[in-house]
Amino acid sequence: MGFRLPAIRRASFQATSKAVEVPKGYLAIYVGQKMKRFVIPISYLTQPSFQELLNQAEEEFGYDHPMGGLTIPCEEDAFLDLISHLTRL
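Criteria and thresholds
Residues numbered from 1 in each chain as written. Predicted model: local features only at pLDDT ≥ 70, side-chain atom pairs only at ≥ 80, totals over all residues. Heavy atoms only, no water. UniProt positions renumbered as here; feature names shortened; annotations may be inferred. Helix = DSSP H or I, 4+ residues; strand = E, 2+ residues; numbered from the N terminus. Buried < 20%, exposed > 50% of the residue type's maximum accessible area, 1.4 Å probe, protein only. Contact = heavy atoms within 4.5 Å. Pairing = 2+ DSSP bridges. pLDDT = per-residue confidence, 0-100. Phe/Tyr/Trp six-rings, centres within 6.5 Å; stacked < 30°, edge-to-face > 60°.

The chain is annotated in an unreviewed UniProt entry as Putative small auxin-up RNA of Lupinus albus. Here is the UniProt Sequence similarities (unreviewed entry) comment for the chain, exactly as written: "Belongs to the ARG7 family."

## Examining the overall build of the chain
Within the chain, the secondary structure is distributed over 2 helices and 4 strands. Ordered by position from N to C terminus, the α and β elements of the chain give β-β-β-α-β-α. Out of the 89 residues belonging to the chain, those deemed buried represent 33%. For the chain, contacts bridging at least 24 residues in sequence account for 47% of all contacts bridging at least 6.

## Remarks on the pairing of strand S2 (residues 26–31)
Where S2 lies against strand S3 (residues 36–41), 6 bridges are found, and the strand directions are antiparallel. Bridging across to S3, Val31 finds its partner in Lys36. As judged from the 3 bridges shared by S2 and strand S4 (residues 70–72), these two strands associate in the parallel manner. Each residue of the ladder has a partner; that of Ile29, found in S4, is Leu70.

## Focus on the confidence of the model for the chain
Taken as a whole, the chain shows an average pLDDT of 76; of its residues, 69% reach a score of 70 or greater. S3 holds the highest mean pLDDT among the elements of the chain, 92, whereas strand S1 (residues 14–16) holds the lowest, 51. In the predicted structure, residues 1–12 sits below a pLDDT of 50 and forms 15 contacts with residues beyond four places in sequence or in another chain.

## Examining the packing of aromatic side chains
Counted by the stated rule, this structure contains 2 aromatic pairs. Ring geometry for Phe38 and Phe79: centres 5.1 Å apart, planes at 55°, overall tilted. Taken together, the positions of Phe38 in strand S3 and Phe79 in helix H2 (residues 76–88) put the pair 41 residues apart, joining distant regions of the chain. Classification of Phe38 by relative accessible area gives buried; the value is 1%. Of the residues examined, Phe79 reaches a relative accessible area of 0% and is grouped as buried. Taken together, Phe38, Phe50 and Phe79 form an aromatic cluster joined through their ring pairs.

Following this line, the structure appears as structure tokens:
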């Protein structure tokens, strides 16, 4: 039994609590105090609002991310709002 990303048209992100493979074209990141794992399209990396989050992550964590993956220092709700906005673009 493997993990399969469903075809999501309304929201192209997937939150999960288990470590799974990241599909080609996606990126796993950790968000919030509980370090919830999200798998997002790499196309989000070019968006100015997402780049601002990356700058904040660099300031707070440098290049040493404690979870072994990219860590974003923002509240989970704020991140979900941003992703929701990016999905509509």
